[in-house]
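Structural description and commentary
Residues per chain are reported as follows:
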Amino acid sequence: MTDRTRSSAAAARDGFAALAGSVFAALPLALIAIAIVALLARAPFASVTGALARPVVQQALAVSLGTTLVSAIAILLTGTPLALLLARRFPGRDALEAFITLPVVLPPVVAGFALLLAFGRFGLLGHALSVLGIEVPFTTAAVILAQTFVAAPLYVIAAKNAFERIDPDVLDAAATLRAAPVYAGLRIVLPSTAPALGAALALAWARALGEFGATITFAGNMPGVTQTLPIAVYISGQSDLDAAIAISIALVAVSLVVLLASRGLQARAASR
Amino acid sequence: MSNALLCARRTTHRRVTRESVCVIGFVLGFVFGVSTPASSAPASSAWARTITVFAAASLHNAMSDIASRFEATHPGVKVALNLDGSQILETQLANGARADVFASADSRSMDKAVAAGLVNAPINFAANSLVAIVQTDIMAVHSLRDLTHDGLKVAICVESAPCGRYTRIALQRMSADKAFWPNYGKQVMRNVVTQELNVESIVQKVMFGDIEAGIVYASDSWQKGGIRLRTYPIPNGDQELAIYPIATVKSGANADLARAFVAYVLSADGQSALRANGFLPRP
């Protein structure tokens, strides 16, 4: 009897907790939903397609796709060895990981200034580069550098987590069987982590696509050269609100697709 | 302080997450610590009142001078400045930003605000002209004609900003001017590597050193010139002077102070501060 009353009291308590929990859980969801709905509500479909056909938007799309593609390749090639390194235990690893994560939490404008102070004409490396005839700031290369700077940590940390999940026994077995490290890497490490790496790269790519603050500071705004989609949104927001809303909706759609793909790859990685 | 405590009391398990929390906390503390200027410290005394002035970025130095003079003559009053491109300020007002006074760098943004019923009747209070600014160590440029020099990196304002509109008008008129040549404007535009939303960021980028020349208002180069920048005024006949209108904002909570501030800008005191910062007399 007492047991039953106790359990029904507990059930009521659980029910209340679940209700309170779901109310609070709904709040952040509502915040995101209201912003996206507001964006969609402002744009009749015809004006979106019309605005997307404008030369300014097409140019920005070309710049964004080209630069993020190169950034993603750069992140993959340079981030993977770093992630492999971080997957091992060594003194100072946590500090190094925190350092690598810095660009994620830095205000992007600060990142842009830092890049300018590093690669600018009067910057730390700028002088050496200008002797070689290389000028980075306010070029398409600067866009790629800014994107890589802010987005690479997302890939490196996620890839590190994937590498850490590899069973060390399997690697030991491969070593015992005298498999060359390259062979072990290609036949064991890569196949088992590929979906997770793909998910990580998709996330980093989405971040690179949305990059704004570091880009406008370090690369400036020049249609067809450095004006990416987010910068086009900001610039046209001053004069051509239709175009700004149209690009925004396109960015929301693309980002959502990429994030869904990333989740799908993560699910595949988890099921292995 | 609390960040430091949190970090110091770090336990050994779950170290990684705790550490990242510390790092994020410190960075956020730093960011918000430096990025909330006057607004976060409304007033030291309870009876102090703050008026918010939205002013075009080119008014930065002049409005800062006027604001501190106004504060000195009106004890207990604080002036909070929001400086940005006029078109951005107008958008902010239209979207409900709180302000008492709006000072624009062109009539276009002001007319928009008037048409939307955001502000009371505006009055012109200053004029501004365009100059080219060039880094002193750029040897290739000795006059406005050299802005067409091959490979020179030039910054101008975007077309939607008042400074960008005046720049394009000037380049067009210079191309028709006998002192220049028909392709002049096109050749300068070919050297443009970035189009900025306001003059402040052009001056900043030229001072940083990566942009070699820019076209800005005379009021900017006036204050910041000297050591790093040379200025070449664009001939008066080739440009349309920028006329600056000012108005009180209808939704402002300090109507009396807003009117007093506008009157002060128009007074001999306010006008001399504008003149000292490179502005021309109001037309």
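Turning to the overall build of chain B, a few remarks are in order. Within chain B one finds 11 helices and 10 strands. Restricting to contacts in chain B with at least 6 residues of sequence separation, those with at least 24 account for 75%.

In this section: the packing of helix 4 (residues 86-94) of chain B against helix 5 (residues 107-115) of chain B. All names here are of chain B. Two numbers describe how helix 4 lies on helix 5: the axes approach to 9 Å, and their chain directions differ by 10°. Our classification of the angle between helix 4 and helix 5 gives roughly parallel. Contacts from Ser86, Gln87, Glu90 and Leu93 of helix 4 reach helix 5 at Ser109, Lys112 and Ala113. Of the residues belonging to the contact of helix 4 with helix 5, the class tally is two nonpolar, three polar and two charged.

Before going further, it helps to examine the domain arrangement of chain A. Per the domain assignment, the segments of chain A are domain 1 (1-41) and domain 2 (52-270). Just the C-alpha atoms count here: the centres of domain 1 of chain A and domain 2 of chain A sit 36 Å apart.

With that settled, the discussion passes to the interface of chain B and chain A. Contacts between the two partners involve 22 residues from chain B and, on the opposite side, 18 residues from chain A. Elements represented by at least two residues in the side of chain B that touches chain A include exactly helix 2 (15-35), helix 4 and strand 7 (192-196) of chain B. Of the residues in the side of chain B that touches chain A, the class split is 10 nonpolar, seven polar and five charged.

For the rest of this paragraph, the subject is the sheet that holds strand 8 (residues 213-217) of chain B. Residues and elements named next belong to chain B. What the five strands build is an open sheet, ordered 7-6-8-5-9; its pairing is mixed. Bordering the open sheet on either side are strand 7 and strand 9 (229-233), each of which pairs with just one other strand. Averaged over all pairs of adjacent strands, the angle between their axes in this sheet comes to 30°, without regard to strand direction. Direction of pairing for strand 6 (residues 154-157) relative to strand 8: parallel, over a ladder of two bridges. Pairing of Val154 across the sheet is with Ala213, part of strand 8. Sheet contacts for helix 6 (residues 162-176): strand 5 (130-135), strand 6, strand 7 and strand 8; angle to strand 6, the most-contacted strand, approximately 115°.

Further remarks concern the sheet that holds strand 10 (residues 242-248) of chain B. Residues and elements named next belong to chain B. Pairing is mixed in the open sheet, where five strands are placed in the order 2-1-3-10-4. Both outer strands of the open sheet, strand 2 (77-84) and strand 4 (123-128), are each paired with one neighbouring strand and no more. Within the sheet, the average angular offset between the axes of one strand and its neighbour, ignoring direction, is 20°. Two strands pair when backbone bridges link them, and strand 3 (residues 101-103) and strand 10 are joined in this way by three bridges, in the antiparallel orientation. Note that in strand 10 the partner of Val101 across the bridge is Thr248.

Judged by nonpolar contacts, the single largest core of 138 residues is most densely connected at Tyr155 and Ala204 of chain A together with Val101 and Phe102 of chain B. Take this core: its biggest share by element is 16 residues, from helix 7 (residues 140-164) of chain A.

Here the focus is the environment of Ala202 of chain A. Residue and element names in this part refer to chain A. On the secondary structure map, Ala202 appears in helix 9 (residues 181-210). For Ala202, a count of 24 C-beta atoms within 10 Å corresponds to the buried category. As for Ala202 and Arg263, which are separated by 61 residues in sequence, their C-alpha atoms are 9.4 Å apart. Residues within four places of Ala202 in sequence aside, it is in contact with Val258, Ala261, Ser262 and Leu265.

Reading guide: rules and limits
- Residues numbered from 1 in each chain as written.
- Chains lettered and ligands numbered in written order.
- Predicted model: local features only at pLDDT ≥ 70, side-chain atom pairs only at ≥ 80, totals over all residues.
- Helix = DSSP H or I, 4+ residues; strand = E, 2+ residues; numbered from the N terminus.
- Contact = placed C-beta atoms within 7 Å.
- Axes fitted to C-alpha atoms, helices over the stretch in contact; angles between N-to-C directions.
- Parallel < 35°, antiparallel > 145°, perpendicular 65-115°, else oblique.
- Nonpolar A, V, L, I, M, F, W, Y, C, P; charged D, E, K, R; others polar.
- Domains from an automatic or database assignment.
- Pairing = 2+ DSSP bridges.
- Core = buried A, V, L, I, M, F, W, Y, C linked by C-beta atoms within 7 Å.
- Buried ≥ 20, exposed ≤ 12 C-beta atoms within 10 Å, placed from the backbone.

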